[in-house]
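# Descriptive analysis of the structure
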Amino acid sequence: MEENIKWTKLARCAGCGAKVGAGILAQLLDGIEVHRDPDLLVGFDKSDDASVFRLSDELALVQTVDFFPPIADDPFLFGQIAAANALSDIYAMGGEPKLALNLLCIPEKMPQSAVHALLRGGYGKVYEAGALITGGHSILDEEPKYGLSVTGFVHPERLLTNAGARPGDILFLTKPLGTGVLTTAAKVELCPPAALAQAYRLMATLNKAARDIMVRYRVHACTDVTGFGLLGHAVEMAQASGVALTLDIKGFDLLPEALALARTGILPEGMYRNRTFAQPFVDAGQTELAVQDLLYDPQTSGGLLIAVDPADADALWDELRPSVPSAQRIGKAADYTGGARIILR
């Protein structure tokens, strides 16, 4: 029976913590010839969440792919989280997901009922997003993995990237931090059940509500916070936009159980990779080490990091809070004058 299978024990890394580090990924891609097209509005040169191709003056195609090893022992929940995570890339670009294809790697002896539960979880989230699953690809693999290739659409002039933040922009984050620490603790049975349930609930929540609200305002840049951690993705946004980001530590919603566990040294391997990549660009000031750890913590299906025009910030905040209760106002963008790209205060 699928309820007796410890899915997380079948994989060395969990969720987005399995991602290749940002620094290593840049080295792997270095020197590869990239072909250009005037209608390719977004490629991978700015580390954006998805590629965007203009079909007409009023329509652009947004395409992404994301999959990972089990983040939960419940296959249905694993399917939900993996699908929500893949769909988030479309939302981060300001787009609407429309079509999805399954990507499934599964052990040959996995019970059919367990695989069925996994797929039901993924299908449910795709349908909740208003999109369709139209097929996919599966292979046999000793380590299970699941995710989606997702296609969406956006108006070319309303496209969002991580490269548009401007000095003065106000920064919002739409989900708390610390899920990587909690799922790591769960693997060694040290995570309180209520805290783990909250983490799973957050990871399975679509970023649809946040996207639907933010596109009504002058948002200049957006990215979703996943495997590179908040600081890894913030560094990418700052570098791509040519700005510095000042982050208010008191503005962050850090899951309290995750902070307590981080203080005891229970940290995912991906946190260290993220620190290695981003730390040279971060002025941490007097920020407690465990708090820094949560800012580097790899998130699975994390929130959106939004940079909005300061004239729209209060209105966006007022609309976000009722619909996205986990939203946080975390800082602002500033002119880059050299030195650190990210300043923690």
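Whatever comes next refers back to the structure up there.
Report follows, based on the coordinates. (Residues numbered from 1 in each chain as written. Predicted model: local features only at pLDDT ≥ 70, side-chain atom pairs only at ≥ 80, totals over all residues. Heavy atoms only, no water.)

### A word on the packing of helix α2 (residues 75–92) against helix α3 (residues 112–128)
Short version of the rule: Under this scheme, a helix contributes an axis fitted over its contacting stretch, all axes are lines through C-alpha atoms, and angles between N-to-C directions fall in the 0 to 180 degree range. By definition, any uninterrupted DSSP run of H or I lasting at least four residues is a helix, any uninterrupted run of E lasting at least two residues is a strand, and each is numbered from the N terminus. When the near helix sits turned anticlockwise from the far one by under a right angle, the crossing is termed left-handed; a clockwise turn instead gives a right-handed crossing. Any two residues whose heavy atoms approach within 4.5 Å are treated as being in contact. Each residue gets one label: Ala, Val, Leu, Ile, Met, Phe, Trp, Tyr, Cys and Pro are nonpolar, Asp, Glu, Lys and Arg are charged, and the others, such as Gly, are polar.
One way to put it is that α2 packs onto α3 with a least axis distance of 7 Å and a crossing angle of 35°. Remark: the crossing between α2 and α3 carries right-handed chirality. Facing α2, whose interface residues are Pro75, Phe76, Phe78, Gly79, Gln80, Ala83, Ala84 and Leu87, α3 presents Ala114, Ala117, Leu118, Arg120, Gly121, Gly122, Lys125 and Val126. Taken together, the residues that form the contact of α2 with α3 break down as 10 nonpolar, 4 polar and 2 charged.

### Things to note about the pattern of salt bridges
Pairing is possible between side chains that carry opposite charge, provided their charged atoms lie close to one another. Rules: We count a salt bridge whenever a side-chain nitrogen from Lys or Arg sits within 4 Å of a carboxyl oxygen from Asp or Glu. Burial status follows relative accessibility: with a 1.4 Å probe on protein chains alone, a residue under 20% of its type maximum counts as buried, one over 50% as exposed, and anything between as partly exposed.
A complete count under the given rule lists 13 salt bridges for this structure. Its salt-bridge partner being Arg329, residue Asp314 comes within 3.0 Å of it at the nearest N-O pair. Separated by 15 residues along the polypeptide, Asp314 in helix α11 (residues 310–323) and Arg329 in strand β12 (residues 328–335) bring together distant segments of the chain. Taking relative accessible area as the criterion, Asp314 reaches 48% and is therefore assigned partly exposed.

### Description of the side chain of Arg341
Just so we agree on the cut-off: The positive count covers Lys and Arg only, the negative count covers Asp and Glu only, and His and the chain ends enter neither. Pairs of N or O atoms within 3.5 Å make up the polar contacts considered here, provided that, within protein, one atom can donate a hydrogen while the other can accept it, and that residues adjacent in sequence are counted only when both atoms are side-chain atoms.
Of note, Arg341 is situated in the loop between β12 and β13 (342–344). Here Arg341 sits buried without a salt bridge, and the closest side chain of opposite charge, Asp335, lies 9.6 Å off (N-O distance). In terms of polar contacts, Arg341 uses its side chain to reach the backbone carbonyl oxygen of Val243, at 3.2 Å. Excluding its chain neighbours within four sequence positions, the residues that come into contact with Arg341 are Ala238, Gln239, Gly242, Val243, Ala244, Leu245, Phe281 and Tyr336.

### Brief notes about helix α8 (residues 256–263)
What counts, and what does not: Arc, as used here, means the arc of the directions from the helix axis to the C-beta atoms.
Of the positions making up α8, those classed as buried are Ala258, Leu259, Leu261 and Ala262. All buried residues of α8 fall inside an arc of 165° around its axis, so they share one side. Opposite its buried face, α8 presents the exposed residues Pro256 and Arg263, each directed more than 90 degrees away. Summarising the contacts, the buried residues of α8 are in contact with α4 (179–187) and α10 (289–296). Just downstream of α8, Gly265 is the residue with a positive phi angle, here 95°.

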